[in-house]
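Structural features, examined
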Amino acid sequence: ASSVDATRIGATGHSLGGKLATLITMDDPRIDALLAIDPIDGDPSPLGGGSPDRPDLVPMRGSAIGVPAGFIGETFSSAGGFMPCAPAAQNFTQFYMAAMAAPYAFQWDMTGADHMDFVDNPIACGFTCGVCTDGPADDATVVANTRTLLTAFFRRTLTDETALDEVLHEASLPTGIVVSRRP
């Protein structure tokens, strides 16, 4: 407890967890930074249909993201397979484009990754992880690069370690990642 600074809080999550981290950030002024990992907007149910309990957040509420924001994701899962696990109209790029009120925002596209590559242990999630088409990227590399970006982003945004800009968008950015940023 002595090493926790409750005045600097970051929110993160993957898939629906990334959407929920975004929602929490929009609604809780205590959150100082957001990093969503391949967030999916809309109703995550494979049966679709939508629900008022799971409303779309972006672009309508995107202006409510008023803290530094980062969105790690992939475009491989935007089509194909049993169902698109990260449909292009609801994927991480939509969150990034909607976060116009963020003082700065990053979008990191993991080339060749698929939606479940961000999961530490896809075997543990069983059938759910098996419905997404496997991308050509090495799963362990995607997880390692995600951890590197997550750590650097929160250390940069929550503790002002400017040297981490090298990792986030400059010379030390891990290979296989395409970055966009504003401003």
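Treat the numbers as computed from the prediction; the structure is a model and nothing was measured. (Residues numbered from 1 in each chain as written. Predicted model: local features only at pLDDT ≥ 70, side-chain atom pairs only at ≥ 80, totals over all residues. Heavy atoms only, no water.)

Observations regarding the state of the cysteines
This model, assessed by the stated rule, comprises one disulfide. With its sulfur 2.0 Å from that of its partner, cysteine 85 forms a disulfide with cysteine 132. Where cysteine 85 bonds to cysteine 132 through sulfur, the torsion about that S-S bond is close to -110°, and the disulfide is left-handed. One end of the pair, cysteine 85, is in the loop between β3 (69-73) and α2 (92-98); the other, cysteine 132, is in the loop between α3 (127-130) and α4 (139-159), with 47 residues separating them in the sequence. The same class applies to cysteine 85 and to cysteine 132, which are both buried. (Disulfide = S-S within 2.5 Å. Helix = DSSP H or I, 4+ residues; strand = E, 2+ residues; numbered from the N terminus. Buried < 20%, exposed > 50% of the residue type's maximum accessible area, 1.4 Å probe, protein only.)

A look at helix α1 (residues 16-27)
Structurally, the α-helix is built with 3.6 residues per turn, so residues lying three or four positions apart point the same way. With 12 residues, α1 ought to run about 16 Å at 1.5 Å a step, and its terminal C-alpha atoms sit 16 Å apart, in line with that. Looking at α1, one finds that the buried residues are Gly18, Lys19, Ala21, Thr22, Thr25 and Met26. Each buried residue of α1 lies within a common arc of 160° when the element is viewed along its axis, so the set occupies one face. Buried residues in α1 make contact with β1 (9-14), β2 (31-37), β3 and α2. (Expected span 1.5 Å × (residues − 1). Arc of directions from axis to C-beta. Contact = heavy atoms within 4.5 Å.)

Here's the deal with the pattern of salt bridges
Under the counting rule described, the total for this entry stands at seven salt bridges. Taking the shortest distance from any N to any O, the salt bridge between aspartate 32 and arginine 8 comes out at 3.8 Å. Residue aspartate 32 is found in strand β2, and its partner arginine 8 is found in the segment before β1; the two are separated by 24 residues along the sequence. The partner of aspartate 41 in a salt bridge is lysine 19, and the shortest N-O contact between them spans 3.6 Å. Of this pair, aspartate 41 sits in the loop between β2 and β3 while lysine 19 sits in helix α1; the two residues are 22 residues apart in sequence, bridging distant segments of the chain. Summarising the burial analysis for this pair, aspartate 41 and lysine 19 share the class buried. (Salt bridge = Lys/Arg side-chain N within 4 Å of Asp/Glu carboxyl O.)

Re the pairing of β3
Across the five residues that make up β3, a large majority, five, are buried. By the alternation rule, side chains of β3 split into Ala69, Phe71 and Gly73 and Gly70 and Ile72, which are all buried. In the sheet, β2 pairs with β3 via four bridges, with the strands oriented parallel. Its bridge partner lying in β3, isoleucine 37 is registered against isoleucine 72. As paired strands, β3 and strand β4 (residues 105-110) are joined by five bridges and run parallel to one another. Across the sheet, the residue bridging to glycine 70 is phenylalanine 106, located in β4. (Pairing = 2+ DSSP bridges.)

Focus on the nonpolar core
Ranked by size, the top nonpolar core spans 21 residues in total, and within it Trp108, Leu149 and Phe153 carry the most contacts. When residues of this core are traced back to their parent elements, those giving at least two are β2, β4, α4 and α5 (165-169). Broken down by element, the residue count for this core peaks at six residues, all from α4. For leucine 149, the contacting residues outside a window of four places in its chain are Leu35, Ile72, Trp108, Met110, Val167, Leu168, Leu173, Pro174 and Ile177. Core analysis: the next-biggest nonpolar cluster, separate from the first, contains 19 residues, Leu34, Leu57, Ala69 and Ala98 among them. (Core = buried A, V, L, I, M, F, W, Y, C linked by side-chain atoms within 4.5 Å.)

Let's talk about the side chain of histidine 169
Considering the arrangement of structural elements, one finds histidine 169 in helix α5. Take histidine 169: its relative accessible area is 17%, and that puts it in the buried class. Looking at histidine 169, its side chain comes within polar contact range of the side chain of arginine 181, at 3.4 Å. Sequence-distant contacts of histidine 169, that is, excluding residues within four places in its chain, are made with Phe106, Val179 and Arg181. (Polar contact = N/O pair within 3.5 Å; in protein donor to acceptor, adjacent residues only side chain to side chain.)

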